[in-house]
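A structural walkthrough
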Amino acid sequence: MLVAVVVAGLLIRQAAQVRNFAEQGVQAASEASRFITAQQDSRTVAVQAGRSAAEFNQAIDGAITKLEGFARDAPNARLAVEQETAVQLLRATEGMFRTDVLAAAGSVPARESREYAAQIGVYHANLDAAGGKLSAYGTELYTALISSESWSRVTAVEYALVTGGSPPIADADWRAAARDVGEQLSALYTRQSTYATQLAVDSGRRTLTGALAAGAAILILAGLVFCLATRLTGRIRGPVLRAPAEPLSLQAVRSSTAAPPDVRTVQAVLEGLRQR
């Protein structure tokens, strides 16, 4: 019975961990999104005013790193993969915004800087890595993004700026394409983050329900086994051979033993048999 209680308790505890992870995931994603959006807006204003974006980039990187740590602490492998995919998409989205801010600043050094080229490589790598792990609907959004005209325009401008050339399209078309790509990336991240969070919520609900059912079944089975064992024990009789209430004394044993026959009587009987 004690073992059954312990097993049921462990199952319920595991279910509670999954449920808590789901609740914390919703809160962490919401807080990170608000914080990052605010930092991105402030960064845009700072860069347009000629100030450095390093402070804002560092703050955003710190927020994303916290989400990565949260994903690594997922209670099972599937939830971890979905959360990590969402983080990769967030890094890709932030990387695209970061390169766009640098390119849109208008200064040639910023456009040709190593930082700009590095950021392009990072965000493309994160997007490619996440693209192969998306759900069916996420894959549709990803395919629509990389097949769009806006994506082709943005990547063409990126290549031109990295190689030291001029944008192959008008600035107005470039800015419109960049906004469209940014919106599609944001929608893709939001979709994956929502999917990962909902998966955690559903997993927690199923795990808790299963744990309660399994715990109840274990307790019921343990109770039946205990009752059956008790009834069987009550039906078992005592030993068939029982010791006497009082041990017999040696004198009583001797007095109850028959006396041996007389020798002369035995000889007379044998003599009569021979004469016959």
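Our structure is the block above this text.
Residues numbered from 1 in each chain as written. Predicted model: local features only at pLDDT ≥ 70, side-chain atom pairs only at ≥ 80, totals over all residues. Heavy atoms only, no water.

Points about the packing of helix α5 (residues 114–131) against helix α7 (residues 149–162)
- Viewed as axis vectors pointing N to C, α5 and α7 meet at an angle of 145°, and their least axial separation amounts to 10 Å. Every pair of crossing elements has a handedness; the one defined by α5 and α7 is left-handed. When α5 is examined against α7, the residues Y116, A117, I120, Y123, H124 and L127 are found in contact with a partner set consisting of W151, V154, T155, E158, L161 and V162.
- Of the residues assigned to the contact of α5 with α7, the class counts are nine nonpolar, two polar and one charged. (Axes fitted to C-alpha atoms, helices over the stretch in contact; angles between N-to-C directions. Helix = DSSP H or I, 4+ residues; strand = E, 2+ residues; numbered from the N terminus. Left-handed = near helix turned anticlockwise from the far one by under 90°. Contact = heavy atoms within 4.5 Å. Nonpolar A, V, L, I, M, F, W, Y, C, P; charged D, E, K, R; others polar.)

Brief notes about empty space enclosed by the protein
- As enumerated under the stated definition, the model contains two cavities of 30 Å³ or more in all.
- The computed volume of the largest cavity comes to approximately 90 Å³.
- What lines the largest cavity is G25, A28, A29, L67, F70, A71, Q83, A86, V87, Y189 and S193.
- Only α1 (2–48), α2 (54–72), α3 (77–104) and α8 (171–235) provide two or more residues apiece to the lining of the largest cavity.
- Grouping the constituent residues of the lining of the largest cavity by class yields eight nonpolar, three polar and no charged.
- Computed from the structure, the second largest cavity encloses a volume of approximately 50 Å³. (1 Å grid on protein atoms, 1.4 Å probe; cavity = no way out; pocket = protein on both sides within 12 Å on 5 of 7 lines; lining within 4 Å. Points joined across faces, edges and corners; volume = space filled by probe spheres on them.)

Points about the environment of A53
- On the secondary structure map, A53 appears in the loop between α1 and α2.
- Each C-alpha atom of the pair A53 and R43 lies 5.7 Å from the other, and the pair is ten residues apart in sequence.
- A53 has contacts with R43 and V47, leaving out every residue within four places of it along the chain.

Quick look at the layout of surface pockets
- When its volume is computed, the largest pocket comes out at roughly 360 Å³.
- Elements with a contribution of two residues or more to the lining of the largest pocket: α1, α3 and α8.
- Class assignment for the residues of the lining of the largest pocket results in six nonpolar, five polar and six charged.
- Roughly 300 Å³ of volume is contained in the second largest pocket.
- In terms of lining, the second largest pocket is formed by 17 residues, of which the most central are S33, T37, L90, Y189 and T190.

Purely spatial values, then, with no claim about function.
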